[in-house]
Amino acid sequence: MKDALLKDKPRTIVLVAMAVIALHLVNASLFHLEARLAERIALASLSLVVICAAGSFYISEGNGWRAALALALGVPAIIVGVGIHAIHVYELGVEESSFTGIPVLFAGLALTGIGGTLLVRCVHTWWRRLFFAPAAVAVVITLVFPITLAVFATNVPVVPSDTTENPGDRGLAYEDVSFETDHGLTLHAWYIPGHNRAAVITVHGAGSNRSTAMDEAAMLARNGYGVLMVDLEGFGDSDGRANAFGWVGARDIHAATAYLRKRDDLDPDRIGGLGLSMGGEVLLQAAGESSHLKAVIAEGATGRTEDDFDELPASGFLTAIHTVAGLTMETISGEPAPPPLKEMVQHIAPRNVLLIGSQVPDEREIMPMYARLGGPSFELWLIPEERHVGAFDLHREEYEQRVIAFFNRSFGIDGVAASRR
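As a convention, each chain's residues are numbered from 1 in the sequence order in which they are written. Whole-chain, interface and lining totals are the exception, using all residues; otherwise, since this is a predicted model, local features are given only for residues with pLDDT of at least 70 and side-chain atom pairs are given and counted only at 80 or more. Where side-chain values are given, they derive from all heavy atoms of the structure, hydrogens and water being excluded.

## Some points on the overall build of the protein chain
Logical step 1: Scanning the protein chain from N- to C-terminus turns up 16 helices and eight strands.
Logical step 2: With respect to the principal axes defined by its C-alpha atoms, the protein chain has extents near 85 × 50 × 35 Å.
Logical step 3: Relative accessibility decides the category of a residue: with a 1.4 Å probe and only protein chains considered, values under 20% of the type maximum give buried, values over 50% give exposed, and everything between is partly exposed. Residues classed as buried in the protein chain amount to 48% of the 421 residues present.
Logical step 4: The contact rule is simple, with two residues in contact once any of their heavy atoms fall within 4.5 Å. Sequence-distant contacts in the protein chain: of pairs separated by 6 or more residues, those separated by 24 or more amount to 72%.
Logical step 5: Surface accessibility in these figures is a Shrake-Rupley result with a 1.4 Å probe; residues are shielded only by whichever protein chains are displayed. By element, 60% of the accessible surface of the protein chain is carried by carbon and sulfur atoms, the whole surface being about 19,000 Å². Numbering of helices and strands runs from the N terminus, with a helix taken as a DSSP run of H or I at least four residues long and a strand as a DSSP run of E at least two residues long.

## Some remarks on the pairing of strand E8 (residues 378-382)
Logical step 1: What makes two strands pair is DSSP finding at least two bridges between them. Relative to E8, strand E7 (residues 352-357) runs parallel, the two being bridged by five bridges. Paired with Gly-357 across the two strands is Leu-382, which belongs to E8.
Logical step 2: We call a crossover right-handed when, viewed with both strands directed away from the observer, the connection leading from the first strand over the helix to the second proceeds clockwise. For the handedness criterion, the β-α-β arrangement of E7, helix H13 (residues 361-374) and E8 is classed as right-handed.

## Describing the environment of His-254
Logical step 1: Examined against the element boundaries, His-254 turns out to sit in helix H9 (residues 249-261).
Logical step 2: You can call His-254 partly exposed: its relative accessible area is 25%.
Logical step 3: As for His-254 and Ile-102, which are separated by 152 residues in sequence, their C-alpha atoms are 38 Å apart.
Logical step 4: In contact with His-254, other than residues within four places in its own chain, are Ala-286, Glu-289 and Ser-290.

## Quick notes on the sheet that holds E8
Logical step 1: Read from one edge of the open sheet, eight strands run E1-E2-E4-E3-E5-E6-E7-E8, paired in mixed fashion. Since the sheet does not close on itself, it has two edges, and those belong to strand E1 (175-180) and E8, each with one partner. Direction aside, the axes of adjacent strands within the sheet are offset by 20° on average.
Logical step 2: Relative to strand E4 (residues 226-230), strand E3 (residues 199-203) is paired through five bridges, and the arrangement is parallel. Counterpart to Val-200 in the pairing with E4 is Val-227.
Logical step 3: To get an axis, a line is fitted to the C-alpha atoms, and for a helix only the part in contact is used. The angle between two axes follows their N-to-C directions and goes from 0 to 180 degrees. Docked against the sheet, H9 engages E1, strand E2 (186-192), E3, E4 and strand E5 (271-276), running at close to 120° with respect to E1.
Logical step 4: Contacting E3, E5, strand E6 (295-299), E7 and E8, helix H15 (residues 396-411) runs over the sheet at an angle of about 155° to E6.

## Quick notes on the nonpolar core
Logical step 1: By convention a nonpolar core is built from buried Ala, Val, Leu, Ile, Met, Phe, Trp, Tyr and Cys residues, the set being connected through side-chain atoms within 4.5 Å. Ranked by size, the top nonpolar core spans 55 residues in total, and within it Phe-179, Ile-201, Leu-228 and Leu-284 carry the most contacts.
Logical step 2: If we skip the residues at most four places from it in the chain, Ile-201 touches Leu-228, Val-230, Ile-253, Ala-256, Thr-257, Leu-260, Ile-271, Gly-272, Gly-273, Leu-274, Leu-283 and Leu-293.

## Comments concerning the packing of aromatic side chains
Logical step 1: Between the rings of Phe, Tyr and Trp (Trp by its six-membered ring), a pair exists once the centres lie within 6.5 Å; its type follows the angle of the planes, with under 30 degrees stacked, over 60 edge-to-face, and the other angles tilted. Enumeration over the complete set of coordinates arrives at nine aromatic pairs.
Logical step 2: For the ring pair Trp-381 and Tyr-399, a centre distance of 6.3 Å and an interplane angle of 50° mean the geometry is tilted. Residue Trp-381 is found in strand E8, and its partner Tyr-399 is found in helix H15; the two are separated by 18 residues along the sequence.
Logical step 3: Note on Trp-381: relative accessible area 6%, which makes it buried.
Logical step 4: Residue classification places Tyr-399 among the buried residues on the basis of a relative accessible area of 0%.
Logical step 5: In this structure an aromatic cluster arises from ring pairing among Tyr-225, Phe-406, Phe-407 and Phe-411.
Logical step 6: Sitting over a ring, as applied to charges here, requires NZ of Lys or CZ of Arg to be within 6 Å of the ring centre and within 35 degrees of the ring normal. For Arg-66, the ring lying beneath its charged end belongs to Tyr-58, and the centroid distance is 5.0 Å.
Logical step 7: Lying across the ring of Trp-190, Arg-210 places its NZ or CZ 4.3 Å from the centre.

## What to know about the pattern of salt bridges
A pair can form between side chains of opposite charge whenever their charged atoms are brought close.
Logical step 1: Any Lys or Arg side-chain nitrogen found within 4 Å of a carboxyl oxygen on Asp or Glu counts as a salt bridge. Counted under the stated rule, the structure contains 15 salt bridges.
Logical step 2: Taking the shortest distance from any N to any O, the salt bridge between Arg-396 and Asp-393 comes out at 3.3 Å.
Logical step 3: Residue class for Arg-396 comes out partly exposed when judged on its relative accessible area of 45%.
Logical step 4: Asp-393 sits in the partly exposed class, given a relative accessible area of 38%.

## Quick look at the environment of Leu-394
Logical step 1: By the element assignment, Leu-394 lies in helix H14 (residues 391-394).
Logical step 2: Once residues within four sequence positions are removed from consideration, Leu-394 is found in contact with Ile-383, Glu-385 and Arg-387.

## Focus on unusual backbone geometry
Logical step 1: Cis peptide bonds are those with omega within 30 degrees of zero, and the linkage from Ala-349 to Pro-350 qualifies with 10°.
Logical step 2: Counting through the fold element by element, Pro-350 comes out in the loop between helix H12 (341-344) and E7.
Logical step 3: Positive phi values are uncommon outside glycine, yet Ser-277 reaches one of about 55°.
Logical step 4: Looking at the secondary structure, you find Ser-277 in the loop between E5 and helix H10 (278-289).
Logical step 5: Its relative accessible area of 18% is what places Ser-277 among the buried residues.
Logical step 6: Even without being a glycine, Val-389 presents a positive backbone phi close to 40°.
Logical step 7: Relative to the helices and strands, Val-389 resides in the loop between E8 and H14.

## Quick word on the packing of helix H3 (residues 37-60) against helix H4 (residues 63-92)
Helix-helix packing: each pair is described by the crossing angle between the helix axes and the interaxial distance.
Logical step 1: Between H3 and H4, whose axes approach to 9 Å, the crossing angle comes to 150°. In terms of their interaxial angle, H3 and H4 are classed as roughly antiparallel. As H3 packs across H4, the resulting crossing turns out to be left-handed. Only Trp-65, Arg-66, Leu-69 and Leu-73 of H4 make contact with H3, whose side of the interface consists of Ile-51, Ala-54, Phe-57, Tyr-58 and Ile-59. The labels follow the angle: roughly parallel below 35 degrees, roughly antiparallel above 145, roughly perpendicular from 65 to 115, and oblique for the rest. Crossing handedness is defined as follows: a turn of the near helix away from the far one that is anticlockwise and smaller than a right angle gives a left-handed crossing, while the clockwise case is right-handed.

## Considering the pairing of E1
Logical step 1: Both E1 and E2 contribute to a ladder of six bridges, which runs antiparallel. The residue bridging Glu-180 from the neighbouring strand is Thr-186, located in E2.
Logical step 2: The turn linking E1 back onto E2 is made up of five residues, and Gly-184 within it adopts a positive phi angle of 80°.

Following this line, the structure appears as structure tokens:
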């Protein structure tokens, strides 16, 4: 048996790849799953049984079944390896789970390569084999890519806020604050006190935590505004499970505005928001659901569901991608998809909204649509460069003038008085 396996190198590679997947499943079940010990042991045992059965099946069957089995194990291994572990290593460095997670990616590549080769060999007519290349590309684009995107979006690397810059590093006095959502989750934030009885909630994008809006927060603070820099749920130090598409972020903004409305040093009618990328989309939804946000700036906000793309060129392709990604995220997270932003923006007027975008194709096409649907209380500023959320870095003086003038006007604040210390 041993000699036979050594002579059949592809079969040996497949069995080794299956063993790597089994090891990772056991590791994930026992040490990274939030469940009772008995449930974790049962899941680890089941994983071993399934992989052992798959190995036995692979050895005993012909090329057709071998190809199907290798692909059935290999493609999900690639999705998990890329969507979770490779991205986590890129963002956070090597973690304990990486020691089995990264090998799973290579095991998946090996299984998929061997499975694809066996599948081609099952077709003996050369011209029929030509269909495999476009078919593989179509599967990758319409299924593997959006599913991988969804896996990443529901398994975002958590970057604790105490490992990044805080307002004190900019010479700003601040408070560590926390508050609860309606779902009982605790959100953590920094609050920088202002002196004009107005406050702006800064909302980060999908990549990190509240510290990514530090430049914008410092700018608001030096112009007299209080600033609440919040970690959305699952990001930074906040409880919950993150969603990189911002599906659940609006309820966090409702909790943040409720906290600010209780502060004695603020006017409850002078609460606004400034969001970057995903954060801008979250604010647009929150403003559409509640009148407590009196003014919103959304930079780099595009779409989150298939409905936000159906009026764009190539909408069929984008709609298909987001449909598959959305269904996968709903399955993984148990959270329903949020309402389309193109509907939510129609519920914000007469409150003011400033949309900031760039020449990135999605922004250039979607943000004017939001401005049109929002009506005359919406403003649009598209910078000439193709750089996502790059307006502050590329046009600092104009950015500050526009943003501060927008909030001063929205809250009825005298710009000269507001800038005095």
